[in-house]
Amino acid sequence: MTPATTEVTQAIRLTERINRIEPSATMAVVAEADKLRGQGIDVVDFGAGEPHFATPQHIKDAAIAAINGNFTKYTAVAGTAELRDAIVQRHATDFGSDYRREEVIASVGGKHALFNALQVLVDHGDEVILPVPYWVSFKDIIRYAGGQPVLLSTDESRGFALTAEMVAKCVTPRTKMIILNSPSNPSGAVMKPEDLAEIVRMAHERGIWVVSDECYVYLYYTDKRFSVGSLREYRDRLVVLGSLSKTYAMTGWRLGYALAPATVTSAMAKLQSQCTSNPTSIVQKAAVAALQGPQQCVEEMRQEYIKLRDHVVKGLRSIPGVKCTLPEGAFYAYPNVSAFFGRGGVKSASEVAGKLLREAHVATVPGEGFGTADHVRVSYATSVGELDRGLERMREFLAAL
C-alpha cells in the first residue's frame with residue numbers, strides 16, 4: 001500500500017447521522033439465509049416478512065399493459081393523479097375517511113413514506129414515543145432524523161396491549177410524535193379501536209403528531225378493521241402510512257403512500273424530489289389496478305393467514321418451554337424463548353436465532369431487533385408443509401439444548 005493510498009483510506013470518515021443507525025435486523029437474517037442457500041443448504045425461512053402468495057393476475061396484467069403502452073416516463077413526484085385518487089377512494093370506501101388528492105403522496109414502499117414523514121416532522125432533540133416491541137426500522141429512522149426514541153414497554157401477558165394512559169405517562173414537553181403500528185410487526189397485536197381513538201384524541205389536544213403505520217390494516221383477524229384515518233376531526237395532526245406490499249402481495253413492486261395534511265405531503269414531495277423522484281411509472285399503473293379492481297383476493301389471503309396463524313401457534317405452544325401469545329393480525333408469531341437461556345451455551349434470543357439458523361437451518365429474527373430480549377419472530381406467511389418442517393426442526397433443536 002502506497003503512502004498516498006494510506007492517506008486516502010485514513011481520510012474516509014462517515015457522517016455522524018449514518019453512524020446513529022444500524023442495518024435492518026430482518027434484512028440481515030434474509031442475507032444470511034440466502035448465503036446458506038447459496039451453499040446448497042436447505043433453509044426453512046420464517047424470517048422474511050412478505051406474503052407467499054403471487055401478486056394477483058389482474059395487477060400483473062396492468063403492469064404488462066403499462067409497459068406495452070409505453071407508460072415508462074417520469075410522472076409527478078407524488079404519483080399520478082389517477083393513483084392518488086385511487087388511494088383516496090379506496091381508503092374512503094374501506095374506512096370512511098375523507099382525504100383529498102393533495103393530501104396523499106405515493107412513495108417507493110411504505111418504509112419510504114415513513115422515512116420521508118419523519119424527516120419532515122422530527123427535528124434534533126424531539127422525542128418520539130415508540131411502543132415496544134417495535135418494527136425494526138422505527139427506532140433507526142427516528143435517530144436518523146435527529147430525534148430521541150422514548151421506548152414504551154408493553155406487557156406480553158396482556159397481549160402487548162397499548163392504551164392511552166400508558167402513552168400519556170411518557171409525554172414530556174419535548175414529545176413531538178407518537179408512532180402506532182396496529183396490527184403490529186412483530187407481535188401481531190391489534191389495538192382496540194377505542195384505544196387508538198383515545199390516543200389520537202389525547203395527542204391532538206396536546207399538539208402531538210401521531211404517525212400510524214397501517215401496513216397490515218387489512219390483516220385483522222378479530223374485530224372489524226380500523227384506520228385512525230377515519231377520525232376526521234383529528235386529521236390535522238395525523239399521518240397515516242399505507243402499503244400495497246402486504247395487502248396485495250406486492251412486496252417487490254415497492255409502492256406505499258402517506259395520507260396527511262397537504263403541508264406535510266408537500267414537504268414530503270419536496271424531499272422525495274431530491275432522492276427518488278416518482279415511484280416507478282409501471283408500478284403506479286399496477287397499483288391503480290390493485291386499488292380499483294376486485295378485492296376478493298385480499299379476503300382470500302386474509303382467510304388463509306388465519307388458518308396458518310392457528311397452525312403455527314398450536315405448533316409453537318406444543319414445544320416444551322416455548323410460550324406464544326395469539327397474534328390478532330399481520331402474519332407473525334412472537335414466541336418467548338427465554339426458557340432456553342443458559343442451555344447449550346445460549347444466553348440471548350440472538351444466540352437462539354443464530355444457532356437455529358446455522359445448526360437447524362431455520363431462519364427467524366431475534367427479538368433484540370424489535371426491542372425485546374426474550375423473543376424470536378416467526379413469519380407464518382408460507383405453506384403448512386413448510387411450517388411443519390420448520391416447527392419440527394425447532395422442536396428437535398430446542399430439545400437438544
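In this text the structure is predicted, and so the values were computed from the model without any measurement.

Inspection of the secondary structure puts Ser 212 in strand β6 (residues 209-213). You can call Ser 212 buried: its relative accessible area is 3%. A distance of 2.8 Å separates a polar atom in the side chain of Ser 212 from a polar atom in the side chain of Glu 214. Filtering out sequence-adjacent residues up to four positions away, Ser 212 remains in contact with Leu 180, Val 228, Val 239, Val 240 and Leu 241.

With that settled, consider unusual backbone geometry. Residue Pro 133 is reached from Val 132 by a cis peptide bond, and omega for that bond is 5 degrees. Here the bond from Ser 182 into Pro 183 is cis, since omega is -5 degrees, no more than 30 degrees from zero. Here Pro 183 shows up in the loop between β5 (175-181) and α9 (193-205). A positive phi angle, near 60 degrees, is found at Phe 160, a position not held by glycine.

Another aspect to go through is the packing of aromatic side chains. Per the counting criterion, the structure on display carries 10 aromatic pairs. The interplanar angle of 85 degrees and the centroid separation of 5.4 Å between the aromatic rings of Trp 135 and Phe 138 together place this pair among those described as edge-to-face. An identical accessibility class is assigned to Trp 135 and Phe 138; each is buried. With centroids separated by 5.2 Å and ring planes inclined at 40 degrees, the aromatic side chains of Tyr 305 and Phe 331 adopt a geometry described as tilted. With a gap of 26 residues between them, Tyr 305 in helix α12 (residues 296-317) and Phe 331 in the loop between α12 and β9 (332-333) connect regions that are remote in the sequence. By relative accessible area, Tyr 305 is classed as buried at 0%. By relative accessible area, Phe 331 is classed as buried at 0%. These aromatic residues form a ring-pair network of at least three members: Phe 53, Tyr 216, Tyr 305, Phe 331 and Tyr 332. When the ring centre of Tyr 99 is taken as reference, the NZ or CZ atom of Arg 235 above it lies at 4.7 Å. One cation-aromatic arrangement involves Lys 285 over Phe 71; the distance from NZ or CZ to the ring centre is 4.8 Å.

The calculated volume of the largest pocket comes to roughly 550 Å³. Around the largest pocket, the lining comprises 24 residues; the ones closest to its centre are Gly 49, Lys 111, Trp 135, Lys 246 and Arg 254. Grouping the amino acids of the lining of the largest pocket by side-chain chemistry returns nine nonpolar, nine polar and six charged.

It is worth spelling out the sheet that holds β5 at this point. Read from one edge of the open sheet, seven strands run β2-β8-β7-β6-β5-β3-β4, paired in mixed fashion. Here the strands that pair on one side only, and so sit at the sheet edges, are β2 (104-107) and β4 (148-153). Going across the sheet, the axis of each strand differs from the next one's by a mean of 20 degrees, ignoring polarity. Here strand β3 (residues 127-132) pairs with β4 via six bridges, running parallel. Looking at β4, one finds that Leu 130 is bridged to Leu 151. Across the sheet, helix α6 (residues 110-121) is in contact with β2, β5, β6, β7 (238-243) and β8 (256-259); its angle to β7 comes to roughly 160 degrees.

Rules used in this analysis
Residues numbered from 1 in each chain as written. Predicted model: local features only at pLDDT ≥ 70, side-chain atom pairs only at ≥ 80, totals over all residues. Heavy atoms only, no water. Helix = DSSP H or I, 4+ residues; strand = E, 2+ residues; numbered from the N terminus. Buried < 20%, exposed > 50% of the residue type's maximum accessible area, 1.4 Å probe, protein only. Polar contact = N/O pair within 3.5 Å; in protein donor to acceptor, adjacent residues only side chain to side chain. Contact = heavy atoms within 4.5 Å. Phe/Tyr/Trp six-rings, centres within 6.5 Å; stacked < 30°, edge-to-face > 60°. Lys NZ or Arg CZ within 6 Å of the ring centre and 35° of its normal. 1 Å grid on protein atoms, 1.4 Å probe; cavity = no way out; pocket = protein on both sides within 12 Å on 5 of 7 lines; lining within 4 Å. Points joined across faces, edges and corners; volume = space filled by probe spheres on them. Nonpolar A, V, L, I, M, F, W, Y, C, P; charged D, E, K, R; others polar. Pairing = 2+ DSSP bridges. Axes fitted to C-alpha atoms, helices over the stretch in contact; angles between N-to-C directions.

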